[in-house]
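Spelled out from the first residue to the last, the chains are:
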Amino acid sequence: MSVRVRFAPSPTGSLHIGSVRTTLYNYFMARQNEGGTLILRIEDTDQDRLVPGAIDSIYDGLHWMGIRWDEGPREGGPFGPYVQSERLPIYQEHAARLVADGAAYFCFCTRERLTQMRAAQQARGEITRYDRLCRSIPPAEAAQRADSEPHVVRLKVPEDGTIAIDDLVYGHVEWPLRSIEDQVLLKSDGFPTYQLAVVIDDHVMEISHVFRGEEWLPSTPKHLLVYRAFGWDVPPHAHLPNVLGPDGKKLAKRHGATKVEEFRKEGYLPEAMTNYLALIGWSPGTEEEIFTLDELVQRWRIDHVQKAGGKWDRDRLNHFNGLWIRRLSDDELLRRLDPFLPSKWDRTLVRRVAPLIKERMQTLAEAKEQIAFLFTDRLEHDRSILVPKKREPHETVTALSRVTVALRFLDPFTEERIEQAIAAVATDVGWSVRDLTIAMRAAITGRKVGPPLYGSIVLLGKERTLERLEAAQELIG
RNA sequence: GGCCCGGUCGCCUAGCGGUCUAGGGCGCUUCCCUUUCAAGGAAGAGGUCAUGGGUUCGAAUCCCAUCCGGGCUACCA
């Protein structure tokens, strides 16, 4: 049997990092198996929580990551439609079949009664769960009332016994049936609940493996019961440990950025996101940890997936991002940098500085301020950094003026010659090269740190370099 | 409260009964390189493997209990 896996987000917001990680694992599974198929299914059965644009966000984010799938709302496929709200008749027919078989029943309890019931149960210190009132209504009577009264369909859960699954990552997990209530399968608005829809869709779409977040493990017995009610085989399940915030709780908005879109805008590379994310909850079992998407497809194995949740670590992400930036070719770096730089900046010049800052960035967004001095005619000097520590203003002016003179008649104006000139001036005025370059950097770039000085001077050009050195002298003096 | 899951350096993790005096990476510290900052190289601090009992010749690895953390407990997904 061929591998068919799916990722099934709810369009309730923009693409979350956690669901990307789940998607990644499904992607690995699909691609590492000959003829494997990856399916996108939109689970929009809760009409109240729909967020416009969410589907676009899913497509944009995943495509940016380099993830492609085979069947989905926009790609089509033999098992469509792939949006649950367009599959209502399928769920309704199946629910009706369960009622006809006596595996499920109509429930007419109002929300008011349900809340009262729960309050009463709570007051008595009991477990809050549906009291199965409507379960005893004779089927014929129930069917008749269903024609005119608002109702839901509930599953008849056996009173006793246990139900279990052998999860691919958590192993054997077992639940007592009395801890499970007669769950709602079909809501009064005719929409299925998640519990009904997943099971039907996974079966009907011939999903071979269910990989989903750990938070679904507790509701797995409910799904198992639905499979059983239909008489269907249960495909292998794997629950994936969650991505956690620093406090150990599921990663959420209050922990900072959680959406793919945000990381993209902050200048993270999809390569880094993929590499880093794949390593939360999985490891190759060796000491390697730098992987491309394709390498991950080759290496990833479900049996190396961790049980415990993993915390999101920005420092580690930054490390991977810097690493992947350094691996970019100069041309590619230029291409990635483009959206982060003002369009009026001369790309030829950008192309020449980019290599100088390649190993000085953890995110693409950091490039701009590091090279901004090259793209302005009027530099804002920071007076406080112009004079190196332990040096006097007057001697700094002297040093800078000597450098100015030395550079003015330098020809050719190359890095090598500049270096020689600076070394000579340093010896001359009795300064270390270090101090001299500190003063020069402040004078020329207006900053304390930046790309290598000599290269920067060449790129800036003799004229602008001299202007800035002179301006700095005036400012100090 | 009930049900379920988890627990190896601050963080991501290796480890599947002996090779563990617990390995790697991030972060941190120090040094080297050096025109700043990085990058790179080297070294180091950091773990009584949550705790307590077993089982075993031998346990981070198996079992039990406890503690702590998390998830679920909706006509949400």
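Use the structure listed above.
Residues numbered from 1 in each chain as written. Chains lettered and ligands numbered in written order. Predicted model: local features only at pLDDT ≥ 70, side-chain atom pairs only at ≥ 80, totals over all residues. Heavy atoms only, no water.

(A) Layout of the packing of aromatic side chains. Scanning the model with the defined rule gives 15 aromatic pairs in all. Ring-pair connections join several aromatic residues into one group, and the members of that group are Tyr25, Tyr27, Phe28, Phe211 and Trp300. Its guanidinium or amino end placed over the ring of Phe108, Arg145 lies 4.2 Å from that ring's centre, counting from NZ or CZ. Over the aromatic face of Tyr130 sits the side chain of Arg154, whose NZ or CZ is 3.7 Å from the ring centroid. (Phe/Tyr/Trp six-rings, centres within 6.5 Å; stacked < 30°, edge-to-face > 60°. Lys NZ or Arg CZ within 6 Å of the ring centre and 35° of its normal.)

(B) Examining helix 19 (residues 453-460) more closely. Of all eight residues that make up helix 19, seven are buried, and the element is covered over most of its length. Those residues of helix 19 that fall on the buried side of the exposure criterion are Leu453, Tyr454, Gly455, Ser456, Ile457, Leu459 and Leu460. For helix 19, the secondary structure elements touched by its buried residues are helix 13 (347-357), helix 17 (415-429), helix 18 (433-445) and helix 20 (462-476). After helix 19 finishes, the residue Gly461 shows a positive phi value of roughly 95°. (Buried < 20%, exposed > 50% of the residue type's maximum accessible area, 1.4 Å probe, protein only. Helix = DSSP H or I, 4+ residues; strand = E, 2+ residues; numbered from the N terminus. Contact = heavy atoms within 4.5 Å.)

(C) Structural view of the pattern of salt bridges. Evaluated as defined, the whole model comprises 32 salt bridges. For Asp70, the salt bridge identified is with Arg31, shortest N-O distance 3.3 Å. Highlighted residues: Asp70 in the loop between helix 2 (54-65) and helix 3 (88-100) and Arg31 in helix 1 (residues 17-31), separated in sequence by 39 residues. Classification of Asp70 as partly exposed rests on a relative accessible area of 35%. One salt bridge in this structure joins Arg41 and Glu43, with 2.9 Å as the shortest N-O distance. Since its relative accessible area comes to 0%, Arg41 is described here as buried. A single salt-bridge network, built from bridges that share partners, covers Arg6, Arg41, Glu43, Arg87, Asp201 and Asp202. (Salt bridge = Lys/Arg side-chain N within 4 Å of Asp/Glu carboxyl O.)

(D) Region of interest: the protein's contact with RNA strand B. Around RNA strand B, the surrounding shell holds 60 residues, and the nearest of these are Ser10, Thr45, Gly281, Glu289 and Glu359. Near-protein atoms of RNA strand B (within 4 Å) split between backbone and bases, with sugar and phosphate holding 72%. Take Cys109: an N or O atom from its main chain is 3.4 Å from a base nitrogen of RNA strand B. Here His319 contributes a side-chain N or O atom positioned 3.4 Å from a phosphate oxygen of RNA strand B. Counting residues per element, the ones that place at least two in the surface near RNA strand B are helix 4 (111-123), strand 4 (152-155), strand 6 (171-176), strand 11 (310-311), helix 11 (314-326), helix 18 and helix 19. Counted by class, the surface near RNA strand B contains 20 nonpolar, 15 polar and 25 charged residues. (Near = heavy atom within 4 Å. Polar contact = N/O pair within 3.5 Å; in protein donor to acceptor, adjacent residues only side chain to side chain. Nonpolar A, V, L, I, M, F, W, Y, C, P; charged D, E, K, R; others polar.)

(E) How the structure looks around the environment of Gly171. Locating Gly171 in the fold gives a position in strand 6. Exposure remark for Gly171: the relative accessible area of 26% places this residue in the partly exposed category. Considering only alpha carbons, one finds Gly171 and Met361, 190 residues apart in sequence, at a separation of 43 Å. Once residues within four sequence positions are removed from consideration, Gly171 is found in contact with Ile165 and Asp166.

(F) The arrangement of the nonpolar core in detail. Counting 149 residues, the largest nonpolar core has Phe28, Trp312, Leu407 and Met440 as its most contacted members. Filtering out sequence-adjacent residues up to four positions away, Trp312 remains in contact with Ile17, Val243, Leu244, Leu251, Phe263, Met273, Tyr276, Leu277, Ile280 and Leu317. Within the second largest apolar cluster, six residues are counted, among which are Ile39, Tyr82, Met205 and Ile207. (Core = buried A, V, L, I, M, F, W, Y, C linked by side-chain atoms within 4.5 Å.)

(G) Inspection of the sheet that holds strand 3 (residues 104-107) at higher detail. In space, the three strands of this open sheet follow the order 3-4-7, with antiparallel pairing throughout. Every other strand in the sheet has two partners, leaving strand 3 and strand 7 (184-186) as the edge strands with one partner each. With strand direction ignored, the average angle separating the axes of adjacent strands in the sheet is 45°. Alignment of strand 3 against strand 4, held across four bridges, turns out to be antiparallel. (Pairing = 2+ DSSP bridges. Axes fitted to C-alpha atoms, helices over the stretch in contact; angles between N-to-C directions.)

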